[in-house]
2 protein chains.
Amino acid sequence: MGSGQPKGRSGGRPTLEEVAARAGVGRGTVSRVINGSPRVSERTRAAVEEAVAELGYVPNTAARALAANRTDSIAVVVPEPESRFFAEPYFSDIVHGVGTALADTDMQLLLTFAGGDRERRRLAQYLSAHRVDGVLLVSVHADDPLPDLLEQLEVPAVISGRRRADEPLASVDSDNFAGARAAVTHLLSRGRRAIATITGRLDVYGAQLRLDGYRDALAQAGHGPEEALVARADFTEEGGRRAMEELLARRPDLDAVFAASDVMASGARQVLRRAGRRIPDDVALVGFDDSAIARHMDPPLTSVRQPIAEMGRTMTDVLLAEIADPRPPATRRLTRPRIVLPTELVHRASS
Amino acid sequence: MGSGQPKGRSGGRPTLEEVAARAGVGRGTVSRVINGSPRVSERTRAAVEEAVAELGYVPNTAARALAANRTDSIAVVVPEPESRFFAEPYFSDIVHGVGTALADTDMQLLLTFAGGDRERRRLAQYLSAHRVDGVLLVSVHADDPLPDLLEQLEVPAVISGRRRADEPLASVDSDNFAGARAAVTHLLSRGRRAIATITGRLDVYGAQLRLDGYRDALAQAGHGPEEALVARADFTEEGGRRAMEELLARRPDLDAVFAASDVMASGARQVLRRAGRRIPDDVALVGFDDSAIARHMDPPLTSVRQPIAEMGRTMTDVLLAEIADPRPPATRRLTRPRIVLPTELVHRASS
DNA sequence: ATCAATCATGGGAGCGCTCCCACTGTACTT
DNA sequence: AAGTACAGTGGGAGCGCTCCCATGATTGAT
C-alpha cells in the first residue's frame with residue numbers, strides 16, 4: 001500500500017530485517033549474532049556486526065519481550081510514597097547497590113510504588129503479567145500480602161531483611177543480632193555498667209534481633225536479665241526522645257544508651273543534653289545504621305554500619321541467579337539462599 | 001501443535017482473545033473496552049468487564065508496546081553509580097516526587113544509570129529504541145551529550161536544573177538566585193556585615209546563580225562589589241573545610257558565611273569550631289538544600305529549602321504533557337516550559 | 001566411495017496486542 | 001420509500017522479534 005518503499009521506511013529505527021538485508025543474510029542469523037549464539041561462522045558474524053554498526057541498530061525491547069517471553073528487567077517494589085522510607089538513606093543506598101550489580105548485565109530496573117493492600121494486589125497482577133523477570137522487595141512489613149502473591153504467581157523474588165526467623169523467600173539481611181551485640185559489648189568494654197536500649201518497632205524482625213543482641217551481650221558479660229533496661233520506640237526521632245525521657249525517669253544513673261537507629265539516637269541526644277548529661281562523659285551513646293546523621297551529629301555518633309549498598313548488590317545477584325535457574329520453582333524453593341551480611345561498629349566520639 | 005487445546009492454554013495468563021471468546025465479542029471490542037473508547041454500548045462494555053474480572057485478565061505490556069508503539073513508561077537517568085549523587089538526599093526526593101506524580105497514571109518508572117560519555121551515548125540509543133516514552137534528566141553537567149542526543153532523536157525530555165541561562169530543553173529548576181539572596185538578606189538583617197560565601201562548582205549553573213544571588217543581596221544593601229568575600233569549592237565537605245580556612249585567613253573578622261550547600265556548611269562549621277569561633281555568636285552560618293544534615297547539625301543549620309519532591313512532581317507533569325502533545329516536535333520546541341519553583345529560608349539556631 | 005553426523009543458515013509461524021477498514025443495523029432525513 | 005448518517009462491531013494485517021524446523025554444505029567414519 002502507498003508510497004512504495006518496500007522495506008526501509010526511512011523514518012523510525014532500523015529493524016532486524018533491514019540489518020539482515022544489509023548484511024546479505026537471513027533474519028535468524030542476525031538474531032543469532034545479536035544474542036551471541038556460537039553457531040555462526042566468523043565471516044558471517046563480522047558482516048552482521050558491521051551492518052549493525054552502520055545502521056545503528058538497537059533491538060526493539062518490546063518485540064523481544066513479546067517473542068521471547070522475558071523482559072530483561074527487574075522491579076524494585078518500594079513502600080508507598082507517603083512512607084518515611086524515602087527520608088532514610090536506606091533507599092538510595094539499596095538502589096545504588098542494585099544499579100551497580102545491574103551495570104554488568106543488560107537488565108533494566110523498574111521502580112514501582114505501592115501503598116495499600118489493594119494497590120499491592122494490583123501490583124502483583126501487573127508484575128506477573130510478564131512485565132518483569134523478577135522482583136526485589138525492600139522494607140516489607142510482616143503482614144504484607146505481596147511476597148506470598150508473588151510466590152504463588154511464581155515470580156522470582158528476593159526480600160531485603162527477613163520478615164521472621166523462617167523467612168520462606170530468598171532473602172538478604174544484615175547481621176542485626178551481631179551488630180547490636182558488638183555495640184553493647186563495646187560499651188561494656190569502655191566500663192559502662194548501666195546500659196539502656198531504645199528499640200525500633202518490634203514487629204519489624206530486625207528490630208527484635210537488635211534487642212536480642214543487646215540482651216545477649218549483657219548476658220555474656222554476666223549481667224542478669226533484670227539489669228536490662230529497655231524502652232520501646234518506633235524508629236522515629238520523636239519516639240527516640242520519648243523513650244529517652246522514660247529511661248531517664250526510670251534509671252537516672254544510666255551511663256550508656258544503645259539506640260536501634262541513628263534517628264532515634266538523635267532524639268535521645270537532644271533529651272540527654274536538655275537533661276544536662278554530657279556525651280560521652282556522663283552517658284555514652286551508640287546508634288545503628290551509620291547514616292549521614294551519625295557523621296554530622298555533635299559529638300559524632302558511634303554507630304553500627306550496615307552494608308546497605310552491598311545488600312542491594314547481593315539481592316540483585318541472588319535474583320539474577322534465581323531467574324537464570326532452569327529448575328522448576330518447586331525444586332528451587334528448598335534451596336533458596338538466605339544471606340546474612342556482617343555489620344561493623346564504627347567508633348566515634350559519642351562513646 | 002499436539003495436545004489439542006485450541007486456545008486457552010491453561011498455563012500462562014489469559015489473553016485478549018480469550019476474554020473476547022468469554023464475553024462473546026470480537027477482539028477489537030475488548031480492546032476498545034480496555035482502552036476506554038466511548039464507541040462501545042453499555043451492555044457490551046459490562047459483559048467484557050465481567051469477563052476481564054473473571055479471568056483476571058491483565059494486558060500484556062510488551063504486546064501493547066509493540067503494537068501501539070508506546071511503552072507507557074518513562075525513564076529517570078541517574079548519573080553514574082560512582083558519583084556522590086546518591087549520597088545526597090536529592091535523589092530520593094526527586095524520585096519520590098516522580099513516584100507521586102506517576103501514581104495517578106498507569107505509567108511506569110524506569111531507572112537507568114549512566115556514567116561515562118560512551119555509556120550515555122549507548123543509553124540514548126537504547127532509550128530511543130522505543131524503550132520509553134520520555135526521559136527525566138537529573139543532575140546533568142554542562143557538557144553532557146545526552147540532552148542533545150535525545151533532542152536529536154526526538155525523545156521528549158525534561159531536565160532538572162537548567163544547564164545555562166538559555167536552556168533549550170524543557171526544564172524545572174528551583175530559584176537558586178532568590179534563595180541565595182534571601183539567605184544573605186537575612187544575614188544582613190541580623191546585623192552581619194562581613195558576609196562570606198562558599199560556592200559550589202561554578203560549571204553547575206545553579207551554583208553560579210547562588211553566587212549571583214549573594215552578590216545581588218550585598219549590592220542591594222549598598223555594599224560595594226569589593227566587599228564580596230568569595231571562596232570557591234566543589235559541593236563537598238572537604239571543599240567546604242578548605243574554603244573556610246581560606247576565608248578565615250583572608251578575613252579573620254568575618255561574621256557570617258553563606259555556604260551554597262549544607263554539606264559544605266558542615267565542613268565550614270568544623271573549621272570554625274576548631275578556630276574557636278562560636279556559632280552563631282561570632283559567625284553566623286547558613287547553608288543550602290535544607291537536608292537532614294541541616295536539621296541534625298549542632299547548632300541546627302539555617303538553610304535554604306528547595307522543593308525537591310515538588311520538582312520531581314512538576315518535571316513529571318511537564319514530561320507527561322509533552323508526551324501527550326500531538327504537535328510535531330519542531331512546533332513544540334518554541335513553547336517548552338521553563339519552570340522555576342520558589343525556595344524558602346528555614347531559620348534555625350546557626351544564624 | 002558411501003553414509004551419517006554435524007555445522008551454518010534461511011525463513012515460516014507466532015508471541016498478544018492496536019489500528020483500521022468493512023460491514024450491519026438503526027434512526028433520521030427529504 | 002429510498003437515501004444518508006452514524007453508532008457499534010468483527011476481524012485482517014502487522015508491529016519486530018525469537019524459536020524451531022527444514023535444508024544444504026561440510027566433515028569424518030567405514
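Look a little higher up for the structure.
As a starting point, this report considers the structure included with it. (Residues numbered from 1 in each chain as written. Chains lettered and ligands numbered in written order. Predicted model: local features only at pLDDT ≥ 70, side-chain atom pairs only at ≥ 80, totals over all residues. Heavy atoms only, no water.)

### Digging into the overall build of chain A
Counting secondary structure elements, chain A contains 14 helices and 12 strands. For 351 residues, the compact-globule estimate of 2.2 N^0.38 gives 20 Å, and chain A exceeds it by more than 25% at 27 Å. Overall, chain A is about 90 × 40 × 40 Å in size when its C-alpha atoms are taken along their principal axes. The buried share of chain A, taken over its 351 residues, is 52%. Counting only contacts in chain A whose residues sit at least 6 apart along the sequence, the fraction spanning at least 24 positions is 71%. Accessible surface for chain A amounts to roughly 15,700 Å². Of this, 49% is attributable to carbon and sulfur atoms. Seen as two clouds, the 46 positive and the 48 negative side-chain charges of chain A have centres 3 Å apart. (Helix = DSSP H or I, 4+ residues; strand = E, 2+ residues; numbered from the N terminus. Rg over C-alpha atoms; globule rule 2.2 N^0.38 Å. Buried < 20%, exposed > 50% of the residue type's maximum accessible area, 1.4 Å probe, protein only. Contact = heavy atoms within 4.5 Å. Areas by Shrake-Rupley, 256 points an atom, 1.4 Å probe, with all protein chains shown as cover. Lys, Arg positive; Asp, Glu negative; His and termini not counted. Charge placed at Lys NZ, Arg CZ, Asp CG, Glu CD.)

### Structural notes on the protein's contact with DNA strand C
Near DNA strand C, the surroundings consist of 26 residues, among which Thr29, Arg32 and Thr44 of chain A together with Leu16 and Tyr57 of chain B are the closest. Close to the protein, within 4 Å, the atoms of DNA strand C belong to sugar or phosphate groups at a rate of 61%. Between DNA strand C and Thr29 of chain A, the relevant distance is 2.5 Å, taken from a phosphate oxygen to a side-chain nitrogen or oxygen of the residue. One of the side-chain nitrogen or oxygen atoms of Ser31 of chain B is found 2.7 Å away from a phosphate oxygen of DNA strand C. Looking at the surface near DNA strand C, the elements with two or more residues in it are helix 2 (27–34) and helix 4 (61–68) of chain A together with helix 2 (27–34) and helix 4 (61–68) of chain B. (Near = heavy atom within 4 Å. Polar contact = N/O pair within 3.5 Å; in protein donor to acceptor, adjacent residues only side chain to side chain.)

### Regarding the relation of the copies chain B and chain A
If you rotate chain B by 180 degrees and push it 0.1 Å along the axis, it lands on chain A with an RMSD of 0.2 Å. Expressed as an axis order, the relation between the two copies is that of a two-fold axis. (Least-squares fit on C-alpha atoms with pLDDT ≥ 70 in both.)

### Digging into the pattern of salt bridges
By the definition in use, this model includes 50 salt bridges over all chains. Arg269 of chain A is paired through a salt bridge with Asp298 of chain B; the nearest N and O atoms lie 3.8 Å apart. In this pair, Arg269 of chain A is assigned in helix 11 (residues 262–274) and Asp298 of chain B in the loop between helix 12 (292–296) and strand 10 (302–305), connecting two distinct chains. The same class applies to Arg269 of chain A and to Asp298 of chain B, which are both buried. The salt bridge partner of Arg70 of chain B is Asp72 of chain B, with a shortest N-O separation of 2.9 Å. We classify Asp72 of chain B as buried; its relative accessible area is 12%. (Salt bridge = Lys/Arg side-chain N within 4 Å of Asp/Glu carboxyl O.)

### Quick word on the protein's contact with DNA strand D
Around DNA strand D sit 26 residues in total, of which Leu16 and Tyr57 of chain A together with Thr29, Arg32 and Thr44 of chain B are the nearest. If you look at DNA strand D and keep only atoms within 4 Å of the protein, 59% of those are sugar or phosphate atoms. At 3.5 Å, a backbone N or O of Ala63 of chain A approaches a base nitrogen of DNA strand D. At a separation of 3.2 Å, a base nitrogen of DNA strand D approaches a polar side-chain atom of Arg32 of chain B. Every element with two or more residues in the surface near DNA strand D is listed here: helix 2 and helix 4 of chain A together with helix 2 and helix 4 of chain B. Residue composition of the surface near DNA strand D, grouped by class: 10 nonpolar, 10 polar and six charged. (Nonpolar A, V, L, I, M, F, W, Y, C, P; charged D, E, K, R; others polar.)

### Focus: the nonpolar core
Leu109 and Leu111 of chain A together with Leu109 and Leu111 of chain B are the most contacted members of the largest nonpolar core, which has 50 residues in total. Excluding its chain neighbours within four sequence positions, the residues that come into contact with Leu109 of chain B are Leu109, Leu110, Leu111 and Phe113 of chain A together with Ile74, Val76, Val95, Val98 and Leu102 of chain B. If you look at the next biggest cluster of nonpolar residues, it comprises 45 residues, including Tyr214, Ala284, Phe288 and Ala294 of chain B. (Core = buried A, V, L, I, M, F, W, Y, C linked by side-chain atoms within 4.5 Å.)

### Examining the interface of chain B and chain A
Listed per partner, the contact involves 42 residues of chain B and 41 residues of chain A. Summed over both partners, the interface of chain B with chain A buries about 3,800 Å², with 60% contributed by carbon and sulfur atoms. Considering only the surface of chain B that becomes buried against chain A, Arg13, Gln108 and His296 of chain B emerge as the three largest contributors, covering 17% of it. At the junction of chain B and chain A, the tally comes to four salt bridges. At the junction of chain B with chain A, the criterion picks out seven residue pairs in polar contact (both at pLDDT 80 or more). Of all the secondary-structure elements, those providing two or more residues to the side of chain B that touches chain A are helix 4, helix 5 (89–103), strand 2 (108–114), helix 6 (117–128), helix 11 (262–274) and helix 12 of chain B. (Buried area = accessible area lost by both parts, 1.4 Å probe.)

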